Amino acid sequence: MMRKSSIIRTSSEAGTSVTYIKTLVKTRTPTELDQFKKEISIDDHIISLKKLQERYNTDLQDGLSRVKAGELLRLYGPNCLISSATKSRWLVLAEFLFGGFAALLWVGAALSTIGYLVSYYQDPRTPLDQLYLAGVLVAVILITGIFGYYQEAANTSIMESFKKLVPKFATVIREGNMLTIPAEELVIGDVVEIQGGDCVPADIRIIKSRSLKVDNSSITGESEMQPRSPECTDTNPLETQNLAFYSTNVIEGAGTGVVIATGDNTLIGHIAGLTSGIEPEEMPIKKELKYFIKLITALAIFIGATFFVISIALGYDFFESFIFLIAIIVANVPEGLLVTLTACLTLTARRMSKKNCLVKNLQAIETLGSTSVICSDKTGTLTQNRMTVSHMFYNDTIVDVLDESDKVNRNAEFKNLCRVGILCNRAEFKPEQEKIPILQREVKGDASESAVLKCMEILIGDVMTQRNQMTKICEIPFNSTNKYQVSIHHLQNENKHLLVMKGAPERIIDRCTTYALNGSDVNISSEKKKALQQAVSKLGYMGERVLGFADLMLSKDKFPVGFKFNTDKVNFPLEGLRFVGLMSMIDPPRPNVPNAVEKCRSAGIRVIMVTGDHPITAVAIAKKVGILSSESETIYDVAMKKSISVSKVTAEDKARCSARVITGADLREMSQSKLDSILMTFWEIVFARTSPQQKLKIVESLQRLGYIVAVTGDGVNDSPALKKADIGVAMGISGSDVSKEAADMILLDDNFATIVTGIEEGRLIFDNLKKSIFYVLTSNVPEIIPFILFVTINIPQALSVLAILLVDVGTDLWPAISLAYEKPEADIMSRMPRDPQQDKLVNTRLMSLAYCQIGFIQTCAGYVTWFFVMAQHGFFYDRLIGIRKEWDDPFTNDLADSYGQEWTYEERKILERKGYAAYFLAIVVTQICDAFIVKTRRLSVVQQGMSNWVLNTGILFVIFVAGVILYSPGVNQAMQFERVEWYTFVPSLPFGLFIIIYDEYRRYFVRNYPNGWFARETYY
Amino acid sequence: MLMLGTFFLLMLGCTEYIRENYKLPWIEKKSLIEEGNPGVGFIPNIIKTTSPLIWYTFKGPQAFDNMKYNPYVDYLNKYLKAYDEAEKNKHNYSNCENSKEEDKPCIFLRKHLGPCGAGEFGYPDKKPCIYIKINKLPEWVPEYYTGYDLPEEMPHSLKTAIKTDSNKKKLWVHCDGVYPPDSDHIGALSYYPHRGIMGYYFPYDGNKHYITPLVAVKVDNIKKGYAVNMRCSVWAKNIRYTDPRTHSAYIQMYLAMD
C-alpha cells in the first residue's frame, strides 16, 4: 500500500525549522478534476509589480522572511506534485480476476459447486465431474487473469514520471540572503533565482531577466526556445513572456521571479493531477464482452429455465430439476473463450511489436481497430521535428530546395546567398559524424542555424573549410531587440572584409539599399521593397519561418586588414547593405505520413491535427500531409489569396471555408456545444496553439459525439488527452516518460504511418475474434443437448462433463487461437470503421448461426455416431429412449438390450464411456470441418486458401490429441473414455461435409446478394 | 434441413438393416469386458443396495404372515410366469434332456425347481428359495471341468460334488457363507434342479424364445435373528475371478429373518 502522507521537518538553511505534512496520495473528487480541466486564469502576469508585491506580501528585493515562509509552508503544504489516488495493484488484479468475463466463469464455477453439493447431499456417491468443472473454470480464471495483469503495465507510475520533471532544489532569496533550499519548501511569494540549466521550481512571474530563455515543451509540446522578460506581452498566461512554469527548463540566460503558484496549483500540477486522475474510457472490447456476456447469460438462463420447467413437468423433484438447471447454465459457459481471447490478443500484440507498435494494454489492440478519429500531434509525429530549409529566394525567384534541390539555379546570386548562409552562422556539426547522412547529423546550435548549416552542407558542401578560409573577425550575436546577427569576415583572395547579416526579413530589408539581381546590384525602390515583402509573406503563408540575408563588401580603404572592429561601439556600417535573398525553413513532414493519412481517409478515419504550434505552420503541414485536402480552403488560404491578415477575413469568406482552423484562443471562448457542432459539421479541422486542457476538451467532445478517439502525442502536455483517449499513442523515441506512461500504445519508430499498421491489425483481430468466438460457441450446442435429452427423453448420457472440458479447453483451443493468424478477407482498410452501436463483436446472428445451425448439425453428427456405437453393441435407439432410470441404477445387473443380451451396471458404464468416446470423436470431426468454415465470413474457403499454417497444424494437432486421448491406455481411462473402433468417426463424416457445403452455400448467397435474406440474417 | 433429414433417415435405415441382418450384436459384449464372463444375478432381488438383502420378519405389523401378500412371493410368482408360458408353448422348445432341435431353445420348466417351483417357495416356513441366474451373453459357452482339473481355490464341497456327478457338462453353482461364522449360520443348502446349469442351455443365441435357466438354492436351516452374508459363485474353466465389481463370477447377499 502506498503511504498517504508523511511528516517532514525542514532541515535546510531556511532557518527556523518547520514541520509540515506532505500529502503523497490524494483522492481527487470530480469537481477538483473539473477545476483542473479549466484553463488557468490568473492576472498575476498583468498586474503591476507593486501590486504583485502587495498581493503576495513579499519584497521583490529581499524576498519573504523566514518565519513567514515557514508559516506559509505549514499552511499550504509543500511545493510538490501529489498523486491522485490510483487503484491499488490489488484492485487491478482483482479486476482481472473478477471483472467481465471472469465474473461469468466464477458464476459458472460457483453454480457447478452448488450443483455438486446439492447432488452430494442427495447421494454421496455423486461423481466429482461438477467439481472438476469448477476446478477447471477457476484455473482458467486464475491463469488468464494473472497473465492479463502482467501484460498490462500498471498505470501507477505516471506520477513518478512527472516527479522526474521537477527540480529538487531551488535558489531562493529570503530576508535578503540567497539560499539553496529543497524546491518542495518553496512557498507563494518566494523570490527565486533561475539560470541556464536550471529547472523552473514553481510557477513564477519574471521580474528580472538577463536574456532568459526557457523551453516550454512540457506545456506546449513545441521544443523551441522562448524568451522570457518582465514585460507582459499577452493576456493569455500561456503566451505571455513574463511567466515561467514549474518544471520547464531554463536554456540560457538568468532571471529572477516571484513564485505565484506552487505544487498542485501550478500548471504542471494541473496536468499531472488530470493525467493521474482521469479515468480512461472503457475499452470498446470490454463493452463488447459485456454485451456478449449479457447475450450468453440470457441464453443460458432461458434454456436453463425452460428445462427447469420441463423437468418439473416431467415429474422430477425440485432438487433434481435444480441440478439440471445449474448444469445447463454451466454448460453454456464457454470455458475456453477467455483463454482464446487473451491468446489472440497477445499474439497480435507480439506481431504488432515487430512492426514497431508496442502495446501496453492488450485490449487496446482492438480499440485501435475501431478508431474512428485520430487526434494527432504535429511536431515529431507528423513531422520530423527537425527544422529544414525548404525554400530559398534569390534573383526574384522562390526555389524549392527540399524536394527539388537538383533543379536549383546555381547563379551568382545563389552563391552570394550561400556565402552569407555559410558565414553568418554559429552552428557547427558535432565531430565524428562523417558517415551519418547530413540531415541526421547532430549539430551544436539553434534550430534555424542548424537548418541553414545542413542546407549549405548539402548544396555547397564542405562548409567548415570555407568558413576557415574566410576567417571571422568579429560578430554581434542575435538578440531579441535587434533581431539580426552580424559577422565580419576576412576574404583572403581579395584581401577585403565582408560584412554578413542574417535576421528577421523585414528588419534586414529595411537595412538594405541595394539588391543583387541578375548579376548586378540594383537599388531597392519602394515597389521593389513591396515585392520583397510580398515574397516574405508568401513564404510565411506556407507556414515557414523566413530569414533574410544581406551582405556588404567593406572597402579596402576604410577597413584595411587589421582594422579593429568594435562590436560594443559599432564602428562599421549596419545599414545600406546589399540584400541577397531569403531562406525559409519548416519542420517537414515525415516522408510516409501523407500516404498514411490517405489510408486513414480511405478507411473512413478522420485525422484531426491538434498542435501547440502556430496556426499557419499547422495549416501548412496539414496541407502537406493531407489532413487538409488540397481542394479545401481555410481562412488562412483566403487571407493569403487576398493578401490580407487573417483577422481581416470577412465573415462571408469564413463561412465559405470548407475546413476549419481553430486556435487555442478560439477554443477558450467556445462553448462545449459549439465545439461539438463544429466537430460535427467540419470534416477537416486543425487545432493550433492548444493548451493541454484544450486537447483534453477536444478529446472529450469527440467522445461525446460517439467517436472512438485515438490520440497521438509525445509531450507532457499531451498526457491528459492521451490518458482520456480511447487509445493513447505515445512516441517511443521522442516521447516524454510521462506521455509513455499515460498512453496505451507506444510507436517505437515515432512514425504516424505505424498507427495505420496498428489500425489494420486491430481491425483484423476484431474480424478474427468473431471467428474464434463463433468456433468456440458452436461446440457448446453438441455439449448441451445430450444433457437436455438425458433429462427429457431419458436416454443415457452421451457425453461426460470431462469430455466437454476436453473439447472446450483442449481440442478447441489451438484452432480457435490460430484463427488470429487468419489473413484479412478483403482490404480491411477500405471500409468504414465499425459502428460500435451496430457492429457488435458477438451479435444474435452469430449466436443463431453457431447455435441453431452449425451447432445443431454437430449435435446430429454426435448422436448419429453415438447411436451407431450403441447399436453396434446391441442397444438400438428405440431401446435407449426411456432407459435412463434402469441404465443408471447400479443394482440393475441384468438390463436387457435390443437382442435380449443382459448387461450388468459396470458393463453398461463401460459401454457408456464408449458412447462418450464416439460422441467426442464426432465433435472433434465436425469441429475440424467448422474450422474450415470459420476461416471466412464472406469469402469461399477456396478463395481464402489454406495458407494459415498455424490453423492447419492445429487441425493435425487436434487429430493427434484426439487419438492419444482415445487410444492410449491409461489416458483414456483417466478421461472416462473407452477405446472405440477406429472407423467410429465415419458416421460423423457426412455431417462434417454437410457443414462445409452448407456454409459454402450460405456464404455464396451472402457474397452475391449483400442485401438478401442470408446476408441479413446470417452474416455475423 | 432436408439433407439433415435425409441423413437421419439413412441412419435409421442403417440401424434397421443391422437389426435385420445381425441376429446378435455386431460387436460382442465379450470384447468389452476383460474377463468375458456373463454377469451373475439372483432372484428375488427386491431391496437393491450395494449388498442386496433378503429380509423378512414374523413379528410386528410388518410380519410376514400378517401381510395380505408377500413382496418376495409376489415377485417370484410374477417372475416364474415366464416359465409357465414356456410350458404352454412347448412346441417352441426342445427338450434337451433328450436332444436339441434346430432353432428351438432348450426348455426350462417350473417343475424342475422342485419345492422351489411351487407354493410360496418356502418363505413362510423360513426356508426361502433363492434363484441364481446368469446374464444372457451371446455365444458364451462354459468350458466344463473334467473333474481332474479343479482349481485350488475351489471349495471342497463343490469339488466333491463335481467329482461325483456323472454329468460334468454344467456351469457349477456354489453357495456358502462369506466368512466362517456365516457358513455356520447358513446351515444346509439344497440345489434344484441340479447343482449347476446344464451345459445344453449354452450358448444364448438371440432366439426370442430363449428362457433363462435357473438354479434354486433352498436355505433349509438358517440361524434366525442374524444377517447372514451369503455368496453364490458360478464355476467353469473360462470364468475368472479377477474383478469382483463386474458381478460376473459371483454374487453376494444378506439373508435375514427372525
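- The name an unreviewed UniProt entry gives chain B is Sodium/potassium-transporting ATPase subunit beta-2, with Ignelater luminosus as the organism.
- The UniProt entry for chain B carries this comment under Subcellular location (unreviewed entry): "Membrane".
- On record in UniProt, under Sequence similarities (unreviewed entry), the comment for chain B is "Belongs to the X(+)/potassium ATPases subunit beta family."

- An unreviewed UniProt entry annotates chain A as Sodium/potassium-transporting ATPase subunit alpha of Ignelater luminosus.
- Per its UniProt entry, chain A bears the Sequence similarities (unreviewed entry) comment "Belongs to the cation transport ATPase (P-type) (TC 3.A.3) family. Type IIC subfamily."
- Comment text from UniProt for chain A, heading Function (unreviewed entry), reads "This is the catalytic component of the active enzyme, which catalyzes the hydrolysis of ATP coupled with the exchange of sodium and potassium ions across the plasma membrane. This action creates the electrochemical gradient of sodium and potassium ions, providing the energy for active transport of various nutrients."

1. As for the overall build of chain A
Consideration 1: Per the secondary structure count, chain A includes 40 helices and 32 strands.
Consideration 2: Projecting the C-alpha coordinates of chain A onto the three principal axes gives extents of approximately 135 × 70 × 55 Å.
Consideration 3: Going through the 1020 residues of chain A one by one, you find that 58% of them count as buried.
Consideration 4: For chain A, the share of sequence-separated contacts (at least 6 apart) that also reach a separation of at least 24 residues comes to 72%.
Consideration 5: Here chain A displays about 40800 Å² of accessible surface, and carbon together with sulfur accounts for 57% of that area.
Consideration 6: Taken as two groups, the 108 positive and 112 negative side-chain charges of chain A have centres that lie 5 Å from each other.

2. Regarding the sheet that holds strand β2 (residues 53–56) of chain B
All names here are of chain B.
Consideration 1: With mixed pairing, the five strands of this open sheet are ordered in space as β2-β9-β8-β4-β6. Edge positions in the sheet fall to β2 and β6 (196–198), since each has one partner strand and no second. On average, adjacent strands in this sheet sit at an angle of 20° to one another, irrespective of strand direction.
Consideration 2: Relative to strand β8 (residues 227–235), strand β4 (residues 170–177) runs antiparallel, the two sharing six bridges. Bridge pairing in β8 links Trp 172 to Trp 235.
Consideration 3: Along the sheet, helix α3 (residues 156–164) makes contact with β4 and β8, crossing β4 at roughly 150°.

3. Description of the nonpolar core
Consideration 1: Ranked by internal contacts, the top residues of the largest apolar core, which has 154 residues, are A:Phe292, A:Phe752 and A:Phe920.
Consideration 2: Sorting elements by how many residues they give to this core places helix α32 (residues 844–872) of chain A first, with 14 residues.
Consideration 3: Aside from chain neighbours lying at most four places away, what touches A:Phe920 is A:Leu799, A:Ala803, A:Leu806, A:Val807, A:Thr811, A:Ala962, A:Ile965, A:Leu966 and A:Phe977.
Consideration 4: In terms of nonpolar packing, the next biggest core, distinct from the first, is built from 58 residues, B:Tyr72, B:Trp140, B:Cys175 and B:Ile197 among them.

4. A short note on the packing of helix α10 (residues 284–313) of chain A against helix α28 (residues 752–778) of chain A
All names here are of chain A.
Consideration 1: In the contact formed by α10 and α28, the axes pass within 14 Å of each other and the chain directions differ by 20°. Here α10 lies roughly parallel to α28, going by the angle between them. Note on packing geometry: the crossing formed by α10 with α28 is right-handed. In contact with Ile 285, Glu 288, Phe 292 and Ile 296 of α10, α28 contributes Phe 766, Leu 769, Ile 773 and Leu 777.
Consideration 2: Tallied by class, the residues present in the contact of α10 with α28 amount to seven nonpolar, no polar and one charged.

Parameters and conventions
- Residues numbered from 1 in each chain as written.
- Chains lettered and ligands numbered in written order.
- Predicted model: local features only at pLDDT ≥ 70, side-chain atom pairs only at ≥ 80, totals over all residues.
- Heavy atoms only, no water.
- UniProt positions renumbered as here; feature names shortened; annotations may be inferred.
- Helix = DSSP H or I, 4+ residues; strand = E, 2+ residues; numbered from the N terminus.
- Buried < 20%, exposed > 50% of the residue type's maximum accessible area, 1.4 Å probe, protein only.
- Contact = heavy atoms within 4.5 Å.
- Areas by Shrake-Rupley, 256 points an atom, 1.4 Å probe, with all protein chains shown as cover.
- Lys, Arg positive; Asp, Glu negative; His and termini not counted.
- Charge placed at Lys NZ, Arg CZ, Asp CG, Glu CD.
- Pairing = 2+ DSSP bridges.
- Axes fitted to C-alpha atoms, helices over the stretch in contact; angles between N-to-C directions.
- Core = buried A, V, L, I, M, F, W, Y, C linked by side-chain atoms within 4.5 Å.
- Parallel < 35°, antiparallel > 145°, perpendicular 65-115°, else oblique.
- Left-handed = near helix turned anticlockwise from the far one by under 90°.
- Nonpolar A, V, L, I, M, F, W, Y, C, P; charged D, E, K, R; others polar.

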